[in-house]
There are 2 protein chains.
Amino acid sequence: MDIEDLRTFVEVADAGGVTPASRRLGISKSMVSRRLVRLEAELSVQLLARTTRGAALTEAGATFREYAARVVSEIDVARETVLPAGELRGRLRVAAPLSFGPTHFAPVLADMAARHPELHIHSCYTDRFVDLISEGYDCAIRVGMLPDSNLIARRIGPLTEDMWRRRPISRNMGHPKRPKSS
Amino acid sequence: MDIEDLRTFVEVADAGGVTPASRRLGISKSMVSRRLVRLEAELSVQLLARTTRGAALTEAGATFREYAARVVSEIDVARETVLPAGELRGRLRVAAPLSFGPTHFAPVLADMAARHPELHIHSCYTDRFVDLISEGYDCAIRVGMLPDSNLIARRIGPLTEDMWRRRPISRNMGHPKRPKSS
DNA sequence: CGCCATTACGCCTATCGTAATCATA
DNA sequence: TATGATTACGATAGGCGTAATGGCG
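Each value, and the rule that gives it
Residues numbered from 1 in each chain as written. Chains lettered and ligands numbered in written order. Predicted model: local features only at pLDDT ≥ 70, side-chain atom pairs only at ≥ 80, totals over all residues. Heavy atoms only, no water. Helix = DSSP H or I, 4+ residues; strand = E, 2+ residues; numbered from the N terminus. Buried < 20%, exposed > 50% of the residue type's maximum accessible area, 1.4 Å probe, protein only. Contact = heavy atoms within 4.5 Å. Buried area = accessible area lost by both parts, 1.4 Å probe. Salt bridge = Lys/Arg side-chain N within 4 Å of Asp/Glu carboxyl O. Polar contact = N/O pair within 3.5 Å; in protein donor to acceptor, adjacent residues only side chain to side chain. Pairing = 2+ DSSP bridges. Axes fitted to C-alpha atoms, helices over the stretch in contact; angles between N-to-C directions. Near = heavy atom within 4 Å. Nonpolar A, V, L, I, M, F, W, Y, C, P; charged D, E, K, R; others polar. Phe/Tyr/Trp six-rings, centres within 6.5 Å; stacked < 30°, edge-to-face > 60°. Lys NZ or Arg CZ within 6 Å of the ring centre and 35° of its normal.

- Looking at an unreviewed UniProt entry, one finds chain A named LysR family transcriptional regulator and attributed to Sphingomonas lycopersici.

What about the overall build of chain A?
Point 1. A tally of regular secondary structure across chain A gives six helices and five strands.
Point 2. The buried share among the 182 residues of chain A stands at 40%.
Point 3. Of the contacts made within chain A by residues no fewer than 6 positions apart, 59% connect residues no fewer than 24 positions apart.

Regarding the interface of chain B and chain A
By a widely used convention, the size of an interface equals the accessible area lost when the partners come together.
Point 1. Listed by partner, the interface residues are 31 residues for chain B and 31 residues for chain A.
Point 2. Interface area for chain B against chain A, summed over the two sides, is near 2800 Å², with a carbon-plus-sulfur share of 66%.
Point 3. Applying the counting rule to chain B against chain A returns two salt bridges.
Point 4. The partner of Arg70 of chain A in a salt bridge is Glu74 of chain B, and the shortest N-O contact between them spans 3.1 Å.
Point 5. Inspection of the region where chain B meets chain A yields six residue pairs in polar contact (both at pLDDT 80 or more).

Some remarks on the sheet that holds strand β5 (residues 139–140) of chain B
Residues and elements named next belong to chain B.
Point 1. Across the sheet, three strands lie side by side as β4-β3-β5; this open sheet has parallel pairing. Across the chains shown, the open sheet's two edge strands, defined by having one partner strand only, are β4 (119–125) and β5.
Point 2. The pairing of strand β3 (residues 90–96) with β4 spans seven bridges and is parallel. Within the sheet, the bridge partner assigned to Leu92 lies in β4 and is Ile121.
Point 3. The sheet strands contacting helix α5 (residues 101–115) are β3 and β4, and the helix crosses β4 at an angle near 175°.

Remarks on the protein's contact with DNA strand D
Point 1. Of all residues adjacent to DNA strand D, which total 19 residues, the nearest are Thr19, Arg50 and Arg53 of chain A together with Met31 and Arg38 of chain B.
Point 2. Within the side chain of Arg34 of chain B, one N or O atom sits 3.0 Å away from a base oxygen of DNA strand D.
Point 3. Where the surface near DNA strand D is concerned, the elements lending two or more residues are α2 (18–25), α3 (29–43) and β1 (48–51) of chain A together with α3 (29–43) of chain B.
Point 4. The leading source of residues in the surface near DNA strand D is α3 of chain B, at five residues.
Point 5. Split into classes, the residues belonging to the surface near DNA strand D amount to two nonpolar, ten polar and seven charged.

A closer look at the environment of Val10 of chain A
All names here are of chain A.
Point 1. For Val10, the location among the structural elements is in helix α1 (residues 3–15).
Point 2. Residue Val10 is classed as buried on the basis of its relative accessible area of 11%.
Point 3. For the pair formed by Val10 and Ala69, sequence separation is 59 residues and the distance between their alpha carbons is 6.3 Å.
Point 4. With residues up to four places along the chain from it excluded, the contact list for Val10 reads Arg65, Ala68 and Ala69.

As for the protein's contact with DNA strand C
Point 1. Around DNA strand C, the structure places 20 residues, and the nearest of them are Met31 and Arg38 of chain A together with Val18, Thr19 and Arg50 of chain B.
Point 2. Each atom of DNA strand C within 4 Å of the protein belongs either to a base or to sugar and phosphate, the latter forming 71%.
Point 3. Measuring from a base nitrogen of DNA strand C, one finds a side-chain N or O atom of Ser30 of chain A at 3.3 Å.
Point 4. Measuring from a phosphate oxygen of DNA strand C, one finds a side-chain N or O atom of Thr19 of chain B at 2.3 Å.
Point 5. Counting only elements with at least two residues in the surface near DNA strand C, the list comes to α3 of chain A together with α2 (18–25), α3 and β1 (48–51) of chain B.
Point 6. At five residues, α3 of chain A tops the list of elements feeding residues into the surface near DNA strand C.

Comments concerning the packing of aromatic side chains
Residue and element names in this part refer to chain A.
Point 1. By the definition in use, this model includes two aromatic pairs over all chains.
Point 2. Measuring from ring centre to ring centre gives 5.9 Å for Phe9 and Phe64, while their planes differ by 45°; the resulting arrangement is tilted. Of this pair, Phe9 sits in helix α1 while Phe64 sits in helix α4 (residues 59–82), and the two are 55 residues apart along the sequence.
Point 3. With a relative accessible area of 0%, Phe9 lands in the buried category.
Point 4. Positioned above the aromatic ring of Tyr67, the side-chain terminus of Arg70 is 5.3 Å from the ring centre.

The following block contains the structure:
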């Protein structure tokens, strides 16, 4: 049994469906679906009642979710405890605008990845205004004004006069809670 | 990360070497060795100090063993809890026709509940054609012909001549897809 | 030398994303 | 029709045991 299967199951249970979970986990829907099938096969128990519109926990699934969530967090703690600190490590998921990321941001990421071998950077370039929470990003690069939100923003580039004249930039952008996963 | 890797690691730590652990686990020595290598690679930490004569826990290994052992036993408990394994346990939600359930079906359920103390039976008698999925039922008793569906049906009562003459009863009723749950 | 851990080798299965399929609101 | 779950498919990677290799009593 794979820990990632457990993590996937918990994520699907929390997200309420395969598709949102796949976004938050950063893997394809097919893999999420197959991990669930595999997990249920290993247990010979149906954990999720899947409709075409989402997934709901079964009786057994609700029970198993408790254990799975505990095990997953135990493992995360164990990793963190055992690994000596100091070096940047883990997976960082970052989103950037398609019109800006590949040219300006990618080189910085490449350099960062080169300097921290244990750091795995997942970058996604899109002009869609991604929802950091539901899609599981750790942070995003934005250009321009930001709507008010309960996210944490930090300015990393200069303010142009044009930007400034309209109204001060919001300080809110980024991930709430859980800034860095193991 | 594979749970079996954790189990293997704990076994090696307890047995004091790869060879005895491989016998207790019933797999080849090479697999035990490779599982350890993989686990250490995933954690970027050496867990076991291997000499040619056996293996001893490192500092990090001793710490991780605690977590690993706990996780493995958690999973074992979870399996056991989720799998009915002989005794029926949990909550079963049943729907039955109002014109049939209270008289014919209720006594059976009462007997069943008496024989399985851990089994909580929620029964609902109605003549409405309930939607098993959206209303969260595990199964339903139906009388007569069934429309085609992707549910799983099992005949539990005799076919009357009257039924038979029209057309064979559908086999579909119960849970969607995934035919057999636990 | 003998015992134990590791690794090279070959077969086979599993994994993964993409894209097609299917079902439902 | 739009959204979401499953599955067919091909390429790649990984699991597995057997047997060969290497180190320490």
